[in-house]
Amino acid sequence: MRIAITAFTTLDGVSQGPGSPEEDTSGGFGRGGWLVPHMDGTFVRRASAWLDLADGLLLGRRTYEAFARDWPAITDPADPFAERMNTLPKYVVSNTLTEGSWHPTTVLGGDPVGAVAELRARPGREIQIHGSARLGDALLAAGLVDTLRLVVAPTVLRAGRRLMSGPGAPCGLRLVRHEATPNGLLLLEYETTGEASQGTYEGVTAFVR
C-alpha cells in the first residue's frame, strides 16, 4: 500500500488547529480555526475524492483520540466524510494505548517506523495520514511516504507548530496536481522522489536552452 499524507497548512507552514480556536491550544496557541473561512465546495469535493482512495487511516495517538471522540458524534447522513471515517480501518501508532475505542482499530506499538513499513508492504491502495503532523513528518523523513497532499490556506500566523520541523534527511518532491479553489485554498499533490537534490546557479541561460 502507498502511504499518503493529507495536511492543512498556512503559507508560513503552521499546521496546528486548522478547524477551530479550541481544537489544539497546546503551547499557548490561540490562533486556531484559520482554515475554516476559506473552505468551499471545491475543497470539500476534492477532499472527498482523496478519501475515496483510502483503504485505512494511519494516526498518531493524540489525533486518534480526538477523532475517536468527534467523528462518531457526526450522524448527519449528508455529511460527505463521516461514514467513511467511522468505518475505515484505523491504525494508531502508540506505545501507551493497548486497544482502541473507535472500531475497527489496530494499535501499532513498538518502533513506529518498522510497524508502518510492514503496513506499507501489504497489498492495497492508500493508507492515509490525517492530522498527526509529527507522525507524518517522521515517516516522511524515514522515506516511507509516497504521496503528500497539501491544502494551503492564504494566511500567515507567525505562531504555532509547523508541519515539518523534525530531524531527518531532506526530501525531494514532484508536483503532480495543483488547483486553486474559489476561496483561495491551494490544493497541491506531490509524489516523493527520494532525497532532495541540490545545484549551483550558473546563469539563466542554463534554464532556457
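Since the structure is predicted, the reported quantities are computational estimates derived from the model, not experimental observations. (Residues numbered from 1 in each chain as written. Predicted model: local features only at pLDDT ≥ 70, side-chain atom pairs only at ≥ 80, totals over all residues. Heavy atoms only, no water.)

1. Comments concerning the sheet that holds strand β5 (residues 126-130)
The line we're drawing: Here, any two strands with at least 2 DSSP bridges between them count as paired. Here a strand is any run of E in DSSP of at least two residues, a helix any run of H or I of at least four, and the numbering for each starts at the N terminus. Lines fitted to C-alpha atoms define the axes here, with helix axes fitted over just the stretch in contact, and angles between the N-to-C directions of these axes take values from 0 to 180 degrees. Here a residue-residue contact requires only that any non-hydrogen atoms of the pair lie within 4.5 Å.
What the eight strands build is an open sheet, ordered β4-β3-β2-β5-β1-β6-β8-β7; its pairing is mixed. Here the strands that pair on one side only, and so sit at the sheet edges, are β4 (105-108) and β7 (171-180). Here the average twist between neighbouring strands, direction ignored, is 25°. Across four bridges, the pairing between strand β2 (residues 54-60) and β5 is parallel. Bridge pairing links Ala-54 to Glu-126 in β5. Running over the sheet, helix α2 (residues 61-70) touches β2, β3 (90-93), β4 and β5 and is turned about 115° from β2. Against the sheet, helix α4 (residues 112-120) engages β1 (2-10), β2, β3, β4 and β5, with an angle of about 160° to β3.

2. Section: the UniProt feature "domain: Bacterial bifunctional deaminase-reductase C-terminal" (unreviewed entry) in the protein
Here is the rule we go by: UniProt positions are given in the numbering used here, feature names are shortened, and annotations may be inferred rather than shown by experiment.
Here the UniProt feature "domain: Bacterial bifunctional deaminase-reductase C-terminal" (unreviewed entry) sits at residues 3-187. Annotated as 24% helix and 25% strand, the span residues 3-187 places its first and last C-alpha atoms 18 Å apart.

3. Quick word on unusual backbone geometry
In plain terms, the rule: Working definition: with a 1.4 Å probe on protein chains only, accessible area under 20% of the residue-type maximum means buried, over 50% means exposed, and in between means partly exposed.
Residue Pro-104 is reached from His-103 by a cis peptide bond, and omega for that bond is 0°. Within the secondary structure layout, Pro-104 lies in the loop between β3 and β4. Despite not being glycine, Ser-132 has its phi angle at roughly 50°, a positive value. With respect to the element layout, Ser-132 can be found in the loop between β5 and α5 (133-141). A positive phi angle, close to 65°, is found at Arg-158, a residue other than glycine. Relative to the elements of secondary structure, Arg-158 occurs in the loop between β6 (147-153) and β7. In this structure Arg-158 comes out as exposed when scored by relative accessible area, which is 71%.

4. Observations concerning α4
Rule in force here: In this description, one arc is meant: the one made by directions from the helix axis to the C-beta atoms.
Buried within α4 we find Ala-115, Val-116 and Leu-119. Buried residues of α4 fall within an arc of 95° about the axis and therefore sit on the same side. Packing partners of the buried residues in α4 comprise β1, β2, β3, β4, β5 and α5.

5. Some words on the pairing of β1
Counting buried residues along β1, seven of its nine residues qualify, which places the element largely inside the surrounding structure. In this structure, β1 lies alongside β5, joined through five bridges in parallel fashion. The residue bridging Ile-5 from the neighbouring strand is Ile-129, located in β5. Bridging between β1 and β6 involves seven bridges; their strand directions are parallel. If you follow Ile-5 over to β6, its bridge partner there is Leu-148.

6. Things to note about the environment of Asp-52
Mapped onto the elements, Asp-52 comes out in the loop between α1 (41-51) and β2. Note on Asp-52: relative accessible area 44%, which makes it partly exposed. Along the primary structure Asp-52 and Gly-114 are separated by 62 residues, whereas in three dimensions their C-alpha atoms are 26 Å apart. Every residue in contact with Asp-52, bar those within four places of it in the chain, is listed here: Arg-84 and Arg-125.

7. Quick word on the nonpolar core
Spelled out, the test is: Put simply, a nonpolar core is a bunch of buried Ala, Val, Leu, Ile, Met, Phe, Trp, Tyr and Cys residues held in one set by side-chain atoms that sit within 4.5 Å of each other.
In terms of nonpolar packing, the biggest core is built from 26 residues, with Met-85 and Trp-102 touching the most fellow members. Listing elements by their share of this core, those giving two or more residues are α1, β2, α2, α3 (82-87) and β6. Broken down by element, this core gets its largest block of residues, four residues, from α1. In contact with Trp-102, other than residues within four places in its own chain, are Leu-57, Leu-59, Tyr-64, Phe-67, Ala-68, Trp-71, Pro-72, Met-85, Asn-86 and Lys-90. Met-1, Leu-119, Ile-129 and Tyr-190 belong to the second-largest nonpolar core, a separate cluster that totals 25 residues.

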